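Single-letter residue listing:
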Amino acid sequence: MQASNSKQNKALNLRLVLSHIATLSPISRAEIAKITGLTKQTITNMVDELLAAELVAELGIKKEGAVGKPSKMLALSAKGTYSLGFRVFSGHCQVALYNLTNNKLGEMQIERTTPLEQGLQHAAQSLLNEHKVSNESVLGAGLSFVDQFDQHYPSHQARQKFAQLLADKLSLPTVLETTAAACAACHMLHGEAKGLNSFVYIHLGLQIEAAVVHSRRIMLGHNQLTGALGEIFVTPETSGKDAELGRLNDFASLDALRQQSRQPNMDLAAMSSLLDEQPQLVQRWLELAAEPMRIAIHMLESVLNSQTIIFGGDITPELLDLLIARLRPLIPSIAQHGERDVPRMIKTPNVQDIAISGVATLPLHSALDMTQPYAAYLPQMSELSTKQALLFVGPQ
């Protein structure tokens, strides 16, 4: 029992050290020891393991004041450790390979196959071979279904079963999440939210999703389902078609945009060209979308009062800029009271890559979660690599 507790403590401390390196880099061993309360020798031992597994790297030397030894600074390793991201659409899949610092090495789009896991495995192996990355260098895979009404995997339980099937097929830890939650994880580790404790990320896709972060934790609902912002009612009028109240998705989602174009099966690539080809149609969508979205943002601010709202989506930067311009001025809310050190709303800078970047971030985010609510699906038919075992095999 004592040996088991010691192993658990070591695993937790290792993730704690890596978490500080990920979010506070560049950072020295001495600074980590001061923050965590662990001894310098313990930090040194753990950093040595992380260096050997190519999870972290030494960037250079920082001189602390006029006296004392210079400190070697640590950061996530840009070489030697990688992750895969899979976004599953109704007719195709987006597959990408990233390094640990969230830089994309390669990406491909494939037609959706039956069985789905076989097509994803072939695409992943092609990317690994193209970029000369070994399977043992991959920390894990992130997985997200774009359409919440996916025909073959309509329920969360069905997607969970598929995530385990994919983990076995790839022989990799696999993390399943919504696109919004994946993007929120990416912002905490690599983006605008590295220094924030609370924020809401809104993802403008075929449906509108949101991820609420409190105390740097993504909040989960019953059965780990949450974030269907597009399902809230934003108008008192009822639809003549089904007598339902107006939902945010009916006005501001990209599905609402393609419904206005009278092309309900238009893909995201085709929608990207609408601003040039049918500007009047886009202007009409903006007119209809703006006020319902302003109401939704006001609701989020009034209920949650987070530090900021980060806006992204499967949308071009130009179209997102136009929508955000229509949202201002924001409706006065509780967010205006008290001190504010960040804007009420922030546009994600890497709009067109944020979704797949976020999904590829999921393995690292899962590995660093101390209580493991995002526990990865581990392969049942194969052993984990050394680097995977350091992070994914912890408390038992």
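Everything here concerns the structure above.
Residues numbered from 1 in each chain as written. Predicted model: local features only at pLDDT ≥ 70, side-chain atom pairs only at ≥ 80, totals over all residues. Heavy atoms only, no water.

Q: So what exactly am I meant to see when it comes to the overall build of the chain here?
A: Helices and strands together make up the secondary structure of the chain, namely 14 helices and 15 strands. Radius of gyration (C-alpha) of the chain: 22 Å, near the 21 Å computed for a compact globule of 396 residues. C-alpha atoms of the chain, sized along the principal axes, occupy 70 × 55 × 40 Å. In the chain, which comprises 396 residues, the proportion classed as buried is 51%. If you take every contact in the chain between residues at least 6 apart in sequence, the share linking residues at least 24 apart comes to 65%. Side-chain charges in the chain split into 33 positive and 37 negative, and the spacing between the mean points of these groups amounts to 8 Å. (Helix = DSSP H or I, 4+ residues; strand = E, 2+ residues; numbered from the N terminus. Rg over C-alpha atoms; globule rule 2.2 N^0.38 Å. Buried < 20%, exposed > 50% of the residue type's maximum accessible area, 1.4 Å probe, protein only. Contact = heavy atoms within 4.5 Å. Lys, Arg positive; Asp, Glu negative; His and termini not counted. Charge placed at Lys NZ, Arg CZ, Asp CG, Glu CD.)

Q: I'm lost on the pairing of strand S6 (residues 104–111) in this one. Help?
A: Sheet faces and side chains relate simply in a regular strand, where the side chains alternate between the two faces. Summarising the sheet, strand S5 (residues 92–99) and S6 pair through seven bridges and their orientation is antiparallel. Residue pairing across strands places Val-95 opposite Met-108, the latter belonging to S6. In this structure, the hairpin formed by S5 and S6 is closed by a connection of four residues, where Asn-102 is found at a positive phi of approximately 70°. (Pairing = 2+ DSSP bridges.)

Q: Help me out: how do you make sense of the sheet that holds strand S9 (residues 199–204) in this one?
A: For sheets, the rule is that strands pair by backbone hydrogen bonds, running either parallel or antiparallel. Strands sit in the order S11-S10-S9-S14-S15 across an open sheet of five strands; the sheet is mixed. A single partner strand is all that each edge strand has here, and the edge strands are strand S11 (217–218) and strand S15 (345–347). The sheet contact formed by strand S10 (residues 208–214) and S11 spans two bridges and is antiparallel. In the strand pairing of S11, His-214 is matched with Arg-217. Lying on the sheet, helix H11 (residues 279–304) is in contact with S9, S10, strand S14 (309–313) and S15; it crosses S9 at an angle near 160°. (Axes fitted to C-alpha atoms, helices over the stretch in contact; angles between N-to-C directions.)

Q: Got a minute to help me understand the sheet that holds S5 in this structure?
A: The strand order across the open sheet built from five strands is S6-S5-S4-S7-S8, with neighbouring strands paired in mixed fashion. Strands with a single pairing partner mark the edges of an open sheet, and in this sheet they are S6 and strand S8 (174–176). For this sheet, the mean inter-axis angle between neighbouring strands, taken without regard to orientation, is 15°. The sheet contacts of helix H4 (residues 116–130) involve strand S4 (82–88), S5, S6 and strand S7 (138–145), and relative to S5 the element is tilted by about 35°.

Q: So what exactly am I meant to see when it comes to the packing of H11 against helix H12 (residues 317–327) here?
A: For any two helices packed against each other, one specifies the crossing angle of their axes together with the interaxial distance. Close contact between H11 and H12 brings their axes to 8 Å; oriented N to C, the two are set at 55°. As summarised for this structure, H11 and H12 are arranged oblique, according to the angle between their axes. Considering how the two elements wind past one another, H11 and H12 form a crossing that is right-handed. From H11, Val-282, Gln-283, Trp-285, Leu-286, Glu-287, Ala-289, Ala-290, Met-293, Arg-294 and Ile-297 reach across to H12, where they touch Leu-319, Leu-322, Leu-323, Arg-326 and Leu-327. (Parallel < 35°, antiparallel > 145°, perpendicular 65-115°, else oblique. Left-handed = near helix turned anticlockwise from the far one by under 90°.)

Q: Just to check I follow, could you spell out the pattern of salt bridges for this structure?
A: Side chains carrying opposite charge are able to pair once their charged atoms draw close together. One pass over the structure, following the stated rule, counts 13 salt bridges. For Glu-107, the salt bridge is made with Lys-104, and the minimal N-O distance between the two is 2.5 Å. Here Asp-250 and Arg-247 are joined by a salt bridge, their closest N and O atoms 2.9 Å apart. The network of salt bridges with shared partners includes Lys-104, Glu-107 and Asp-353. (Salt bridge = Lys/Arg side-chain N within 4 Å of Asp/Glu carboxyl O.)

Q: When you look at the environment of Gln-283 in this model, what are you seeing that I'm missing?
A: The topology assignment puts Gln-283 in helix H11. Linking Gln-283 and Leu-323, residues 40 residues apart in sequence, is a C-alpha distance of 9.6 Å. Reaching out from Gln-283, the side chain makes a polar contact with the side chain of Arg-326 at a distance of 2.7 Å. (Polar contact = N/O pair within 3.5 Å; in protein donor to acceptor, adjacent residues only side chain to side chain.)

Q: What is the right way to look at the packing of helix H2 (residues 29–36) against helix H3 (residues 40–52) in this model?
A: Relative to each other, H2 and H3 sit at 120°, their axes nearing to 9 Å. As far as their axial angle goes, H3 and H2 are oblique. For the element pair H2 and H3, the recorded crossing hand is right-handed. Listed contacts from H3 to Arg-29, Ile-32, Ala-33 and Thr-36 of H2 are Lys-40, Ile-43, Thr-44, Val-47, Asp-48 and Leu-51. Along the lines of polarity and charge, the residues of the contact of H2 with H3 split into five nonpolar, two polar and three charged. (Nonpolar A, V, L, I, M, F, W, Y, C, P; charged D, E, K, R; others polar.)

Q: Help me understand the state of the cysteines in this model?
A: Cysteine pairs can be linked by a disulfide, which is a covalent bond between their two sulfur atoms. A complete count under the given rule lists zero disulfides for this structure. Cys-93 carries a free sulfur, and the closest cysteine sulfur to it, the one in Cys-183, is 17 Å from it. Cys-93 gets classed as buried once you look at its relative accessible area, which sits at 0%. Free cysteine: Cys-186, not disulfide-bonded; nearest cysteine sulfur from Cys-183 at 7.0 Å. (Disulfide = S-S within 2.5 Å.)

Q: Hey, could you run me through the packing of aromatic side chains in this one?
A: We describe a pair of aromatic rings using the distance from one ring centre to the other and the angle between the two ring planes. Under the defined criterion, the tally for this structure stands at three aromatic pairs. Ring centres of Phe-145 and Phe-162 lie 6.0 Å apart, and the angle between their planes is 75°; this geometry places the pair in the edge-to-face category. Remark: Phe-162 occurs in helix H5 (residues 156–170) and Phe-145 occurs in strand S7; sequence separation between them is 17 residues. Phe-162 carries the same exposure label as Phe-145, and that label is buried. A centroid spacing of 5.0 Å and a plane angle of 50° characterise the contact between Tyr-153 and Phe-162, whose relative ring orientation is tilted. Per residue, the accessibility class of Tyr-153 equals that of Phe-162, and both read buried. Taken together, the ring pairs in this structure connect Phe-145, Tyr-153 and Phe-162 into an aromatic cluster. (Phe/Tyr/Trp six-rings, centres within 6.5 Å; stacked < 30°, edge-to-face > 60°.)

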